[in-house]
Amino acid sequence: MVIQLEKVSVTYPGGVEALRGVDLTVDKGEFVVIVGLSGAGKSTLLRVLNGLVPATSGSVVVDGTEVVGASAATLRRVRSRIGMIFQTFNLVYRTTVINNVLMGRLSETPAWRSTLGLWPAPEREIAMQALERVGIVEKAYVRASDLSGGQQQRVGIARALAQEPSLMLADEPVAALDPVTSRQVMGDLQRINRELGITTLVNLHFLDLAREYGRRLIGLRDGLVIFDGDIGDVDDAIFRDIYGRDITAEDLLAVGGEPNPPTAGSPDA
Amino acid sequence: MTAPTTTDYAAPRPLPPGKVRTRRWVIALVIVVATVWSVSGLQVTLDRLLGAPGDAWAILRQMTPPAFSEVYERGALGKILESVYIAWIGTIIGAALSLPLAFLAAHNVAPHWVRVPIRQLFNAIRAVPELILAVIFIPITGLGAWAGTMAIGIHSIGTLGKWAAESIESIDDGPIEAVEACGGRWASEMRWAVLPQVMPNIASYWLFRFEINVRASAVLGMIGAGGVGSELVLHLSFRNFPAACAVLLMTITVVLTIDTVSAAVRRRIIRGATGTGDEASRSTEALVDLTGLRR
Amino acid sequence: MTLTAEGPTRPNRPRTRPLTYAVAASLVAGTTWAAVKVGFDPSTFWKVWSNPLWEKFWPVPWDWVFDGRNVIRPLIETFQIAIVSTVIGCGLALPISFAMSSLTTPNRPTYLVSRAVMNVVRAVPDLFWAKLLVTAIGIGAFAGSWALSVFSLAVMVKLFSETVDGADPRPLEAARSAGGRHAPVVRTGVLPSVFPAYVAYALYVFELNIRASIVLGLVGAGGIGRVIEAQRQFFRFDRVLGILMIIFVAVWVIEHVSVALRKRLT
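The numbers attached to residues start from 1 for each chain and follow its sequence in the written order. All chains are assigned letters beginning at A, and all ligands numbers beginning at 1, according to the order in which they are written. Given that the model is predicted, a residue must reach a pLDDT of at least 70 before its local features are reported, and side-chain atom pairs must reach 80 or more before they are shown or counted; all residues, however, enter totals for whole chains, interfaces and linings. Remark: hydrogens and water are excluded; side-chain values derive from all non-hydrogen atoms of the structure.

Draft legend 1. Representation of the environment of R69 of chain C. Relative to the helices and strands, R69 of chain C is located in the loop between α3 (62-66) and α4 (72-100). Overall, the relative accessible area of 63% leaves R69 of chain C in the exposed class. Counting from the N terminus, the helices are the DSSP runs of H or I reaching at least four residues and the strands are the DSSP runs of E reaching at least two. Relative accessible area decides the class of each residue, using a 1.4 Å probe on protein chains only: under 20% of the type maximum gives buried, over 50% gives exposed, and in between gives partly exposed.

As structure tokens, then:
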């Protein structure tokens with residue numbers, strides 16, 4: 001068992017309740033897709049797991065470590081085993097790709113060495129391997145700003161991979177990408193999940209992508225888990241529960257030449 | 001699965017770019033050599049280096065407690081106010097003289113043959129520090145506040161003129177064309193098309209220059225051009241450290257107060273000019289503007 | 001558009017508020033008062049030109065000026081002061097700026113204390129620092145370097161911490177989620193994006209220091225200012241003018257190099 005959430009609530013300083021008593025268990029090696037409207041608490045749910053957003057109450061256990069109320073050192077140790085991929089990539093665009101990926105090795109490198117930029121050779125090797133895994137090693141010494149959007153997100157994935165994580169969190173990883181690159185990135189994530197056995201949680205907006213790549217689906221609405229089960233069981237009624245409305249073309253990515261007719265729900269554009 | 005199987009991907013790893021690395025070392029070496037050469041010219045002995053913090057600490061201890069009542073009776077407050085007056089009048093002189101010149105120095109509203117000499121005049125003025133100007137003025141006007149005021153006024157023309165000309169250059173040219181189309185003269189173009197666009201910026205530059213001038217006028221007193229500087233020099237040369245400390249603290253208080261008030265007024269002027277917006281980014285922008293750093 | 005008398009009534013011209021009058025009146029009164037206090041005398045503007053002292057400015061004794069020991073050596077010392085202080089001031093400014101920015105500060109007390117201290121340091125004019133340090137550690141370039149270092153530090157942290165404030169916070173989140181300590185997180189997540197600005201500001205501070213170091217000597221803190229002060233006390237304004245010309249050329253060259261470097265950075 002990798003993740004266990006019990007009655008987790010998050011209230012932001014403004015009084016917004018992002019999560020309201022979420023109970024959740026995710027086993028090792030699972031590929032979980034989380035869907036919901038924006039503001040439903042998807043991003044908060046992921047950030048509670050690595051403590052970037054502290055839970056107001058409840059318990060979050062990751063790999064046997066309690067995250068809620070953990071000390072800074074404990075939190076760093078937990079984070080070092082959790083890779084995170086962001087919607088906006090969150091790269092440092094003014095430096096090289098390899099320097100971005102090396103950020104994933106921060107927790108394993110003595111502070112003085114990383115501060116001075118003197119990364120040890122083994123760490124560089126790990127970063128290079130991570131770049132090889134996402135297929136852009138030839139861009140290692142290119143400035144991140146000179147890459148295309150899809151390549152930038154692959155750098156983001158490589159950075160997460162360089163942590164050698166046992167858990168991968170992806171927060172809307174393809175929201176800023178075009179359909180073709182979206183599929184490549186999702187494919188990368190799926191392959192990483194299968195080949196390395198890294199438990200993966202992905203926030204998605206597009207239902208057809210969720211159906212294509214996910215096995216387990218969690219539906220969030222107003223900070224509550226509305227649905228949690230096999231992706232094949234999702235039908236119109238469940239979808240309405242999650243989104244509060246019928247499915248529309250906007251919720252589908254459907255690329256030309258590779259039609260993915262939804263089995264549940266009828267598109268009405 | 002249509003996704004490429006990139007695990008068998010066997011692109012060769014690129015070599016680290018050697019050029020960048022060499023350039024970095026060269027730059028680092030230049031800085032180190034320049035620093036070492038400079039230190040060698042400053043007659044720094046190890047003895048002095050190690051003694052300096054102790055000496056500074058000794059003075060600091062003698063400075064407490066500050067002798068506020070003593071310097072107050074000697075009229076230090078009046079001297080500080082004199083510094084503020086010098087800065088204020090100097091800024092006004094600088095503003096009044098620089099504004100018309102700025103219009104003649106902006107490339108979008110002035111012909112080349114006028115613009116170039118005026119730009120050079122601004123640069124020449126900026127190159128001479130206030131203190132040097134005061135050194136030149138003192139034999140002419142005599143010791144006292146007026147020498148300092150003139151020095152600050154003249155020096156301010158350089159920076160104020162440059163900033164104002166730059167903000168004139170960044171305006172929207174449409175209104176100029178509109179006034180032209182109405183048959184307006186050059187002067188009416190400046191007054192009705194250019195001035196309304198640049199006045200908020202220029203006014204905030206004046207205030208910013210006033211903040212700088214308050215510090216400058218405090219310094220001018222040190223060579224007898226009026227203001228609080230003479231008090232500090234006097235107390236320090238008689239090694240009356242509590243009094244010097246009091247003067248220093250009073251100066252800091254006045255400078256900080258003026259900075260805070262002036263910055264608040266500047267923010268209002270600029271915000272009123274460009275509507276609502278992101279406060280933080282604007283202040284950086286203004287700072288970049290004011291320091292002449294364009295990124 | 002038809003110009004007829006019909007339609008809505010014309011609005012009245014908005015009245016100027018009494019507060020505006022009050023502010024304007026007090027500004028005029030305050031300015032007049034200040035002008036009286038500083039001995040405002042516009043006649044100086046034309047009297048300046050007919051002053052007999054100007055004769056003392058000419059001719060410039062070029063032999064004396066170009067004798068290495070008189071001007072060139074002190075001028076070199078001036079630039080050495082500027083270089084040392086730029087290196088020390090800007091070097092120290094790097095960590096302090098990160099402590100002073102709400103984005104990268106390690107904790108709230110560090111943030112507040114560093115801001116307060118730096119504001120006070122910046123409120124003290126540069127030559128006050130010079131005079132204080134000359135009194136404390138003795139006359140000469142050594143005291144001048146310290147004074148200018150403090151001054152450049154204060155200017156640099158002001159400029160650079162505002163840049164750090166405006167840096168992209170998202171890579172910082174990414175670095176944090178990788179589980180790094182504070183310093184490396186800031187180093188890898190923020191520094192690369194703000195470093196070009198840092199170098200540009202450092203060059204700018206160097207230009208400021210070149211100008212500031214010229215006058216340090218007027219209060220005994222070393223450099224060319226010492227020569228100017230000595231010559232003006234002997235009323236040798238011809239020599240002063242010669243020195244000023246040399247300074248002008250040297251500063252002009254250095255500034256153009258520095259501006260060119262700054263342009264290449266962007």
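Draft legend 2. A look at a positive patch on the surface. A cluster of basic residues, R21, R23 and R24 of chain B together with R264 of chain C, forms a positive patch at the surface. The leading source of residues in the positive patch is helix α1 (residues 18-40) of chain B, at 3 residues. Inspection of the secondary structure puts R21 of chain B in helix α1. Residues with no salt bridge and a relative accessible area higher than 30% make up the patches, which join like charges within 9 Å and nonpolar side chains (Val, Leu, Ile, Met, Phe, Trp, Tyr) within 5 Å. For the area figures, the Shrake-Rupley method with a 1.4 Å probe applies, and any residue is considered shielded solely by the protein chains shown. Each reported salt bridge corresponds to a side-chain nitrogen of Lys or Arg within 4 Å of a carboxyl oxygen of Asp or Glu. Asp and Glu count as negative and Lys and Arg as positive, but His and the ends of the chain are not part of the count. Throughout, a charge is located at the NZ atom of Lys, the CZ atom of Arg, the CG atom of Asp or the CD atom of Glu.

Draft legend 3. Spotlight on the pattern of salt bridges. Enumeration over the complete set of coordinates arrives at 27 salt bridges over all chains. The salt bridge involving R216 of chain A is made with E30 of chain A; its shortest N-O contact spans 2.9 Å. Of the two residues, R216 of chain A is situated in strand β9 (residues 216-221) and E30 of chain A in the loop between β2 (17-26) and β3 (31-35); the sequence distance between them amounts to 186 residues. The salt bridge partner of R211 of chain C is E255 of chain C, with a shortest N-O separation of 2.3 Å. Of the two residues, R211 of chain C sits in helix α10 (residues 191-216) while E255 of chain C sits in helix α12 (residues 237-265), which places them 44 residues apart along the sequence. This pair shows no difference in class: R211 of chain C is buried, exactly as E255 of chain C is. Put simply, E30, R216 and D228 of chain A are held in one network by salt bridges that share partners.

Draft legend 4. Representation of a negative patch on the surface in the model. On the surface, a cluster of negative charge is made up of D230, D233, D235 and D236 of chain A. By the element assignment, D230 of chain A lies in strand β10 (residues 224-230).

Draft legend 5. Broad picture of the interface of chain C and chain B. Should any heavy atoms of two residues lie within 4.5 Å, those residues are counted as being in contact. The interface of chain C with chain B comprises 65 residues on the first partner and 70 residues on the second. Note on definitions: buried area is the accessible-area loss of two parts on being combined, 1.4 Å probe, summed for both. Summing the contributions of chain C and of chain B, the shared interface buries around 5,800 Å²; its carbon and sulfur component is 77%. Broken down residue by residue, the surface that chain C buries against chain B is led by V38, F128 and F142 of chain C, which jointly contribute 12%. Seen at the junction of chain C and chain B, the total is 0 salt bridges. Under the rule applied, a polar contact is a pair of N or O atoms within 3.5 Å (in protein, one hydrogen donor and one hydrogen acceptor; residues adjacent in sequence only if both atoms are side-chain atoms). Inspection of the chain C/chain B interface yields 6 residue pairs in polar contact (both at pLDDT 80 or more). Split into classes, the residues belonging to the side of chain C that touches chain B amount to 42 nonpolar, 11 polar and 12 charged. All residues other than Ala, Val, Leu, Ile, Met, Phe, Trp, Tyr, Cys, Pro, Asp, Glu, Lys and Arg, Gly among them, are scored as polar; the first ten of these are nonpolar and the last four charged.

Honestly, that's just the spatial picture; any functional story needs more than this.
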